[in-house]
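Each chain, letter by letter, is given below.
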Amino acid sequence: MKKTNPPSPLEAHLGYWMRFVSNQVSAGFQQAVEASGVSVTDWVALRTLFDASDGGPQGAATHATLTQALGMTKGAVSKVVARLEDQGLVARAGAPTDARSHTLSLTPAGRALVPVLAAKADANDEKFFGHLPQAERQRLARLLQEMVRLHQWQQVPRS
């Protein structure tokens, strides 16, 4: 009978270590944003709307913009939008060119919250990666970005 090699240990796999680190980084950020009353998914939605408006008061996005950015169904995105509306962070208005469509924009409170949450994201990165020299942080980012490009992943992480 042919002798087989024993299975490799978990710790021998890069995926194990990436997941280990990712879980810690994600949990730290989740705790930070939830202290501000929003979820990580809410953060991605708010940041997407902020980008759509270029940070200015007149910009808006469509429901489809968030559906694509969040990688969620229309129904799930509607729940996110409703929650953010209830919190006074997002406003919905009828689209001028289509009565069935709506535009979404940040309220002044939503616009003010985005930089606060971005600072929490920066602090979370510093907590977990600040011990690395800047060149190594940039190299790690480039390696991860190359994996995203190679595999053509497009969905934004939200949890």
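Cut-offs used in this document
Residues numbered from 1 in each chain as written. Predicted model: local features only at pLDDT ≥ 70, side-chain atom pairs only at ≥ 80, totals over all residues. Heavy atoms only, no water. Core = buried A, V, L, I, M, F, W, Y, C linked by side-chain atoms within 4.5 Å. Buried < 20%, exposed > 50% of the residue type's maximum accessible area, 1.4 Å probe, protein only. Helix = DSSP H or I, 4+ residues; strand = E, 2+ residues; numbered from the N terminus. Contact = heavy atoms within 4.5 Å. Expected span 1.5 Å × (residues − 1). Axes fitted to C-alpha atoms, helices over the stretch in contact; angles between N-to-C directions. Left-handed = near helix turned anticlockwise from the far one by under 90°. Nonpolar A, V, L, I, M, F, W, Y, C, P; charged D, E, K, R; others polar.

Visitor: Would you take a moment to explain the nonpolar core for this structure?
Guide: Note on soluble globular proteins: their nonpolar side chains tend to be buried together. Residues Leu46, Leu66 and Val90 are the most contacted members of the largest nonpolar core, which totals 26 residues. For this core, the secondary-structure elements that each account for two or more residues are α1 (14-34), α2 (40-52), α3 (63-70), α4 (74-86), β3 (98-106) and α5 (108-129). If one sorts the elements of this core by residue count, α2 sits on top with seven residues. Ignoring sequence-local partners within four residues, the contact set of Leu46 consists of Val38, Leu84, Leu89, Val90, Leu106, Leu113, Val114 and Leu117.

Visitor: Would you mind showing me how to read α2 here?
Guide: Each α-helix turn comprises 3.6 residues. Residues three or four places apart therefore point the same way. Across its 13 residues, α2 extends 18 Å between first and last C-alpha, which sits within 8% of the 18 Å expected from 1.5 Å per residue. The buried count for α2 comes to ten of 13 residues, which makes it a mostly enclosed element.

Visitor: In this structure, what is going on with the packing of α1 against α5? I would like to understand it.
Guide: Each pair of packed helices gets described by two things: the angle between the helix axes and the distance between those axes. Running from amino to carboxyl end, α1 crosses α5 at an angle of 145°, the nearest separation of the two axes being 10 Å. The two elements α1 and α5 meet at a crossing, and its hand is right-handed. Across from Val21, Gln24, Val25, Gly28, Phe29, Ala32 and Val33 in α1, the residues of α5 making contact are Leu117, Lys120, Ala121, Asn124, Phe128 and Phe129. Along the lines of polarity and charge, the residues of the contact of α1 with α5 split into nine nonpolar, three polar and one charged.

Visitor: Help me out: how do you make sense of unusual backbone geometry in this one?
Guide: In terms of backbone geometry, most residues other than glycine have negative phi values and most peptide bonds are trans. Residues other than glycine seldom take positive phi values, yet Gln152 does so here, at roughly 55°. Secondary-structure assignment places Gln152 in the segment after α6 (134-151).

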